[in-house]
Amino acid sequence: MFTKKPLTVPVPNLRTSSAVWSDTFGRLAQRCGQALLVLSIVVIIVYAATRLQLVVVPVLLALIVASAFRPVVRLLEKHMPRVLAAIISLLAGVIVFGGVITIAVFQVQSQFSTLQKSVSSGINTVADFVQNGPLNIGAKQISDVQKTLVDFVTSAQFGSGALAGVSTAAELLTGAVLTVIVLFYFMKDGPMIWAFLITPFQPVMHAKLRRAGNSAVETLGGYVRGTAIIALVDSVFIGVAMLILQVPLAIPLAILVFIGAFIPLVGATATGIIAALVTLVTNGLTAAIVVAIVVIAVQQVEGNFLSPFVMGKSLKLHGLVVLLALTAGTILGGIFGTLIAVPAAAVAWAVIKRWNDPITPVPGVDTSKRASAAA
């Protein structure tokens, strides 16, 4: 008689399968998979942020300003309720910003006719140099360029661009209102908002996130306040030089220098060049050279003495890091990305440096479960 042999199913060698992932190449593959997963999440977050700029930009602006004003709010909280301290700080910021913009607008209005004559004279001088100078450009070529500009201004494309500008202005107004509202809540309830967001985490991770939030606010606030001091010094010295030389729009140009100083490496230099060019058109070559010398001198004092003293070593980033951050921020977020790229890099570096530091016990918070809650 024939006996049936039992049906055998091959069992996979689990030891061999695990060995595939436990060698050097297997561990590398696992790390690459994890890196791809993290990179995919980062790409999704960045894409969502670029699509929701009307929300993301006001929130980030409010966070930056609230971090800079945090010491003021803390000082006022010692003498009055938190809500009143936030309102006073917010009103002070709005009044200062609105006053600066108002001064700039009135300066432009009062000196517009003088500036118009100076610009017309400067344009005629440049056109005469182009036509009769060594460039050998004829009158027909200049007239062709003028005709091209006129055709563009009167074209449908320019009209659609103007309509797009109206839409952009509406978005800017909406963003400004949203920024003020979010800023008020950040000033009033900033620490409590962060404490609420990190509530679900285990004790050790909770302590690390709490410390990371404090480091981020301190670094961001210090960076913004230090940059504001440096920008104020730049704008005052360059503005005083232009006022002495009686350059039209000296105060608006000084305000432009102040704003440009918030863009590291290139901002203050670029706006200083603009001030020198305006001086060249309005006051002539000698005055423009004087303004250029003042701009260069201020930049040297800032880079060698003022910036290291005001910013401190803890906020100082390597020039290559600043350059890469500016490039990435400009590509991803345009002008706004350029403004926040370096502060974001400084905050990230400050958090990374302190992430694995020993945890300081906090009353009421149990951080003893390190093994079970390790990050």
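Residues numbered from 1 in each chain as written. Predicted model: local features only at pLDDT ≥ 70, side-chain atom pairs only at ≥ 80, totals over all residues. Heavy atoms only, no water.

*Asks:* Tell me about the packing of aromatic side chains, and please be specific about residues and values.
*Replies:* In this structure the tally under the stated criterion is one aromatic pair. Here Phe-184 and Tyr-185 contribute two aromatic rings whose centre-to-centre distance is 5.5 Å and whose plane-to-plane angle is 70 degrees, an arrangement assigned as edge-to-face. (Phe/Tyr/Trp six-rings, centres within 6.5 Å; stacked < 30°, edge-to-face > 60°.)

*Asks:* With reference to specific residues and values, describe the nonpolar core.
*Replies:* The tendency in soluble globular proteins is for nonpolar side chains to be buried side by side. With 13 residues, the main nonpolar core has Ile-238, Met-242, Ala-275, Val-291, Val-294, Val-295 and Val-298 as its most contacted residues. Counting only elements with at least two residues in this core, the list comes to α8 (203-244), α9 (250-260), α10 (267-283) and α11 (285-311). No other element matches the four residues that α11 contributes to this core. Apart from residues no more than four positions distant in its own chain, Met-242 is found in contact with Val-247, Ala-250, Leu-253, Ala-254, Ala-275, Thr-279 and Val-291. (Core = buried A, V, L, I, M, F, W, Y, C linked by side-chain atoms within 4.5 Å. Buried < 20%, exposed > 50% of the residue type's maximum accessible area, 1.4 Å probe, protein only. Helix = DSSP H or I, 4+ residues; strand = E, 2+ residues; numbered from the N terminus. Contact = heavy atoms within 4.5 Å.)

*Asks:* Please give an account of the packing of α8 against helix α12 (residues 319-354) that cites residues and values.
*Replies:* One way to put it is that α8 packs onto α12 with a least axis distance of 9 Å and a crossing angle of 140 degrees. Taken as a pair, α8 and α12 cross one another with a handedness that is right-handed. Across the interface between the two elements, Arg-211, Ala-212, Ser-215, Ala-216, Thr-219, Leu-220 and Tyr-223 from α8 touch Val-342, Pro-343, Ala-346, Val-347, Ala-350, Val-351 and Arg-354 from α12. (Axes fitted to C-alpha atoms, helices over the stretch in contact; angles between N-to-C directions. Left-handed = near helix turned anticlockwise from the far one by under 90°.)

*Asks:* Which residues make up unusual backbone geometry, and what are the values?
*Replies:* Glycine aside, residues mostly have negative phi, and peptide bonds are mostly found in the trans state. The backbone of Gln-246 shows a phi angle near 60 degrees, a positive value even though the residue is not glycine. Structurally, the position occupied by Gln-246 is in the loop between α8 and α9. By relative accessible area, which is 65% here, Gln-246 ends up exposed.

*Asks:* Could you give an account of the pattern of salt bridges, naming the residues involved and the relevant values?
*Replies:* The final tally for this structure, using the stated rule, is three salt bridges. A salt bridge links Lys-188 to Asp-189; its shortest N-O distance comes to 2.6 Å. Relative accessible area serves as the criterion here: at 17%, Asp-189 is assigned to the buried category. Through salt bridges with shared partners, a single ionic network connects Arg-70, Glu-77 and Arg-82. (Salt bridge = Lys/Arg side-chain N within 4 Å of Asp/Glu carboxyl O.)

*Asks:* Could you give me a rundown of helix α3 (residues 53-77), with the residues and numbers involved?
*Replies:* Of all the bends in α3, the largest measures some 50 degrees and sits at Phe-69, one to four residues before the proline Pro-71. Buried residues of α3: Pro-58, Ala-62, Ile-64, Ala-66, Ser-67, Ala-68, Arg-70, Val-73 and Leu-76, and no others. (Bend = angle between axes of the 7 residues up to and from the residue.)

*Asks:* Quick one: what's the story with the packing of α9 against α10, residue by residue and with numbers?
*Replies:* In contact at an axis separation of 7 Å, α9 and α10 are set at 165 degrees when each is read in the N-to-C sense. Viewed along their axes, α9 and α10 adopt a mutual orientation that is roughly antiparallel. As for how α9 packs across α10, the hand of that crossing is right-handed. Judged by residue contacts, Leu-253, Leu-256, Val-257 and Gly-260 of α9 engage Gly-267, Ala-268, Thr-271, Gly-272, Ile-274, Ala-275 and Val-278 from α10. Looking at the contact of α9 with α10 residue by residue, the classes come out as seven nonpolar, four polar and no charged. (Parallel < 35°, antiparallel > 145°, perpendicular 65-115°, else oblique. Nonpolar A, V, L, I, M, F, W, Y, C, P; charged D, E, K, R; others polar.)

*Asks:* Provide a residue-level description of α8, including the pertinent values.
*Replies:* Here α8 is 42 residues long and its end C-alpha atoms lie 61 Å apart, about the 62 Å a rise of 1.5 Å per residue gives. Just downstream of α8 lies Gln-246, where phi reads positive at about 60 degrees. (Expected span 1.5 Å × (residues − 1).)

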